[in-house]
Each structure stands twice: as structure tokens, then as C-alpha cells.
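# Descriptive structure summary
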Amino acid sequence: MKITAVEAIPFAIPYAKPLKFASGEVATAEHVLIRVRTEDGIVGVAEAPPRPFTYGETQAGIVAVVESLFAPQVTGLRVTEREVARARLGRTIGNPTAKAAIDMAMWDAFGKTVGLGVSELLGGCTDRLRVSHMLGFDEPAAMVAEAERMIATHGIRTFKVKVGRRPVDLDIAVVRALREAFGDGVELYVDGNRGWTPAESMRAMRRLADLDLLFAEELCAADDVLGRRWLVGHLDVPFIADESAVTPADITREVLGGSATAISIKTARTGFTGSQRAHHLAEGLGVEVVMGNQIDGQLGTACTIAFGAAHQRTSHRAAELSNFLDMTDDLLTEPLLITDGELRVRPGAGIGVEIDPDKLARYRTS
Ligand code: MUC
Ligand code: MG
């Protein structure tokens, strides 16, 4: 069970359709594959997606921090010593997706070592999740057409609509067009990625009040402390803290301070070990959880489904599991398949995926 090596391999896979949102844009999945090797010949895998506009990480930075700091701190540990790894990596500030990927690769190696799936090791609540699809910025007709395609091809009926543009009318037109096109047949919520001020957010939400939204997410900056509390206090839908509440301390501060009433758990930034802490905290605080997507590839998505399906609170709502559909290719030997609007936990030990060596050779950048 002892870890003998931790590798960080950068790769780049273009998107067929870039995702645009208020804080940035992703046109190529320039991610880092993390491999944890053990003395028994087991290889645990996970992917780290750099999101400079959210966490300050870059692809080169993730490779550098893993190779220079994290790999030496983790090598020699048993794959079960996740708390020791967490404490050691925690001495370095930031770098959430680099740390999370090492944690998840250790869990994958642990599951493969004992011959059990990570999802059952974490809690085994269900074997599938409903899928929510993220609609990036575009014209109303194009966003309706994309939703139509998702319904027809994958059976997806929950949509997170990216908002946060100025003037707010641009986004209001989109949400209204989606509701008019699909009626009660779809679930809709909005994510502003901090694009609006609290006052703009309030105005927009008032104008969307008749559209039966499930949630509003991160419409404005949490740093606008009083403005955000004022907004959240006036909304009649749960307000999801996403990038403003990554750590358990962030979640406690945002929820108890009245600046959030639900949270997004993203395994890409908190791994399985940190996501367990966020989940248990959400249960204790009595707030809803949505399994979020860090614009993950299929490997990251397999991690999200493993965690989300493990608990009742994370499997209740549709989970954001579909960003990989817009990539031109991926690294897995067997692609993930969304059918009837659901994605199933991968069978098999660990996370249940294998990396295709030919695809890795094609897409690795060093
Ligand atoms: C999301 O839920 O916000 C876009 C930026 C980010 O950090 O994550 C994505 C999706
Ligand atoms: Mg978000």
C-alpha cells in the first residue's frame, strides 16, 4: 500500500465548443493527470483542472507544485494515510485542485488495492445521479438549441444557466426563452460567477421571479459582505455558494453569516477527503448541496459521480456532470455515457476508470 511515486502529466484536449461565463472562458482542457503509484504495482489516477480565474492555479504551476513539493511529501505514505497527506499538503497555501487530485488518486489506489469501488467506500447511497447541464453565454436561440440537443440526445432536463453579463437583460432574455421553450418540463437555475453587483443581482432575480428557478449561485462577490447578505436575505430561492466557499471554514462563515443558503461541492477542488468534510458540514448546518463541475474531463466527472452517489444529500439534486460532452476527445479507455438524463457510478475497483495509453501519448504536452 506504500506510495512509491506521484506523477503530474500535463495534457491538452480542445473543446468543440468553448464554455463562456462571467469570470472566464475555457476553450481547451489543459489539465494535469495525477498518477499515484504504489509498491504493489497499483496506479491511482485523478485530474487537476487549472482554473486561474477561480483559484489562481495554472497548468505549469500544478505540475511544479506537485513535482517540487507535494510528491516528496506523499511518497512513502500508505494510500490509507490520507489525513497525513492532507496535513502535509496543507502546509502549502492554496493549490486546491493539485491537492484534490492527489487525494483522489490515493483513494483510487486504495480502492484498487482492496478491490472495492470508491463510491461504496465513501457511503454507497445509490448507483446513479441525474445530470444537470451547464449552458454557457450565447444568444437566447443558441442556448435554447443547445438545451434542446441535450434533452433529445441525453435526456437531460436540468440546466444551469450562466448569467452575470451586463446589461442584465442579456441573461434575463435567455432564461425567459428557456422557460418559454420547455415550460415545466425542465429545471432551471442560474450561476453568475460573481459578475454582478448585489443590486444588479437583486434586480435580475426580481425580473426572473416568475420563472420558477431552483437556485441562484454566486451572482455577486462574497467580498461585498453586507451587499451579499442583503441579497441572500431577500431571495426566495436557495443561494448556492460555489467559489466563495471551498473550505469547511469558508462554508461555515458564508452560511452562518447569512451570505449563502446552499453549497456546491466540487471534488476537483476538495478531493474526496475534503468533500466529505464539506458534505458533513452541510448536513450539520442543514443546507442543500449541488454536486458542481469544475469544467472537468471524464476522469474528473467519474470522481464527481463517485462522491455524489455515495450520500443521500449529494444525490438528491441533479449533479453537474456533462461538461465533458463538449470536449473533442478524452483519456479514458471506456467513455462515460449519459442515458435518460442519468450517469451511473462506474463499476469496478477505485474510481472505475482506465487511462488509454495511446490517448495519453497523443494529448500529453510533456
Ligand atoms: C461553475 O459552477 O462556476 C466556472 C467557473 C468555475 O470556477 O467553475 C465553473 C462552473
Ligand atoms: Mg458556479
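Once a new chain begins, its residue numbering starts again from 1 and follows that chain's sequence as written. Whichever chain is written first becomes A and whichever ligand is written first becomes 1, with later ones labelled in order. Only residues with pLDDT of 70 or above have their local features reported here, since the model is predicted, and side-chain atom pairs are shown and tallied only from 80 upward, although totals for entire chains, interfaces and linings are computed over all residues.

Turning our eyes to something else, we now look at the overall build of the chain. Helices and strands together make up the secondary structure of the chain, namely 14 helices and 12 strands. For the chain, whose C-alpha radius of gyration is 20 Å, the value lies close to the compact-globule estimate of 21 Å for 366 residues. Based on the C-alpha atoms only, the size of the chain along its principal axes is roughly 60 × 40 × 35 Å. A total of 366 residues make up the chain; the buried ones form 52% of that total. Considering only contacts in the chain between residues 6 or more positions apart, those separated by 24 or more positions represent 74%. We count a stretch as a helix when DSSP gives it H or I for four or more residues in a row; a strand needs E for two or more, and each element gets its number in order from the N terminus. The atom set for the radius of gyration is the C-alpha atoms, and the globule formula is 2.2 Å times the number of residues raised to the power 0.38. For every residue, the other C-beta atoms within 10 Å of its own C-beta are counted; 20 or more classify it as buried, 12 or fewer as exposed, and values in between as partly exposed. C-beta atoms are placed from the backbone. C-beta atoms are placed from the backbone for every residue, and two residues are taken to be in contact when these atoms lie within 7 Å.

Below, the discussion takes up the nonpolar core. Counting residues in each nonpolar core, the largest one holds 109 residues, and the members touching the most others are Ile34, Ile102, Ala105, Ile263 and Ala306. Segmentation of the chain into domains, including their bounds, is taken from an automatic or database domain assignment. In this structure, this core is formed jointly by two domains, domain 1 (3-115) and domain 2 (120-344), each of which donates at least three residues. In this view, Ala105 contacts Ile34, Arg35, Val36, Gly44, Val45 and Ala46; residues no more than four positions away in its chain are not counted. What we call a nonpolar core is a set of buried Ala, Val, Leu, Ile, Met, Phe, Trp, Tyr and Cys residues whose membership is set by joining through C-beta atoms within 7 Å.

All right, on to helix α6 (residues 140-154) then. Owing to its 3.6 residues per turn, the α-helix aligns residues three or four sequence positions apart on the same side. Given a helix with a known number of residues, its expected span is that number minus one, times 1.5 Å. In this model, α6 (15 residues) spans 21 Å end to end at C-alpha, consistent with the 21 Å of a helix rising 1.5 Å per residue. For α6, the complete set of buried residues consists of Met143, Ala147 and Met150. For α6, the angular spread of buried residues about the axis comes to 55 degrees, placing them on one side. Across from the buried face of α6, at angles greater than 90 degrees, the exposed residues are Ala141, Ala152 and Thr153. In this structure, the buried side of α6 is in contact with β4 (128-135), β5 (158-162) and α7 (169-182). Two residues or fewer after α6 comes Gly155, characterised by a positive phi angle close to 75 degrees. The arc in question is traced by the directions running from the helix axis to the C-beta atoms.

By convention here, the C-beta atom is placed from the backbone, and a residue is near a molecule or strand when that atom is within 6 Å of it. Inspection of the region around ligand 1 gives Phe21, Ser23, Arg51, Thr54, Asp191, Asn193, Asp242, Glu243, Gly292, Asn293, Gln294 and Ile295 as its neighbouring residues. Here the residues of the shell around ligand 1 sort into two nonpolar, six polar and four charged. Split by domain, the residues of the shell around ligand 1 number at least three in each of domain 1 (3-115) and domain 2 (120-344). Note on residue classes: Ala, Val, Leu, Ile, Met, Phe, Trp, Tyr, Cys and Pro are nonpolar, Asp, Glu, Lys and Arg are charged, and everything else, Gly too, is polar.

Tracing the backbone through its elements, the reader meets Lys99 in helix α4 (residues 96-114). Separated by 81 residues in sequence, Lys99 and Glu180 place their C-alpha atoms 43 Å apart. The contact partners of Lys99, leaving out residues within four places of it in the chain, are Leu89 and Gly271.

Here the focus is the pairing of β5. The buried fraction of β5 amounts to five of the five residues, a majority that puts the element mostly inside the structure. Neither face of β5 is exposed, since Thr158, Lys160 and Lys162 on one face and Phe159 and Val161 on the opposite face are all buried. Strands qualify as paired when DSSP identifies two bridges or more between them. As paired elements, β4 and β5 share four bridges and run parallel to each other. The residue of β5 that forms the bridge with Leu135 is Val161. Chirality of the crossover, the property in question, places the unit of β4, α6 and β5 among those that are right-handed. Strand direction decides the pairing type here: β5 and strand β6 (residues 187-191), joined by five bridges, are parallel. Each residue of the ladder has a partner; that of Phe159, found in β6, is Leu188. Read as a crossover between parallel neighbours, the route from β5 over α7 to β6 is right-handed. Assignment of crossover handedness uses the view with strands pointing away from the viewer, where a clockwise path from the first strand over the helix to the second indicates a right-handed crossover.

Domains assigned within the chain are domain 1 (3-115) and domain 2 (120-344). Facing 31 residues of domain 1, the contacting portion of domain 2 comprises 35 residues. Of all elements in the fold, only β1 (3-21), β2 (24-38), β3 (43-48), α1 (52-55), α3 (82-89) and α4 reach the threshold of two or more residues within the side of domain 1 that touches domain 2. Broken down by class, the residue content of the side of domain 1 that touches domain 2 amounts to 18 nonpolar, five polar and eight charged.

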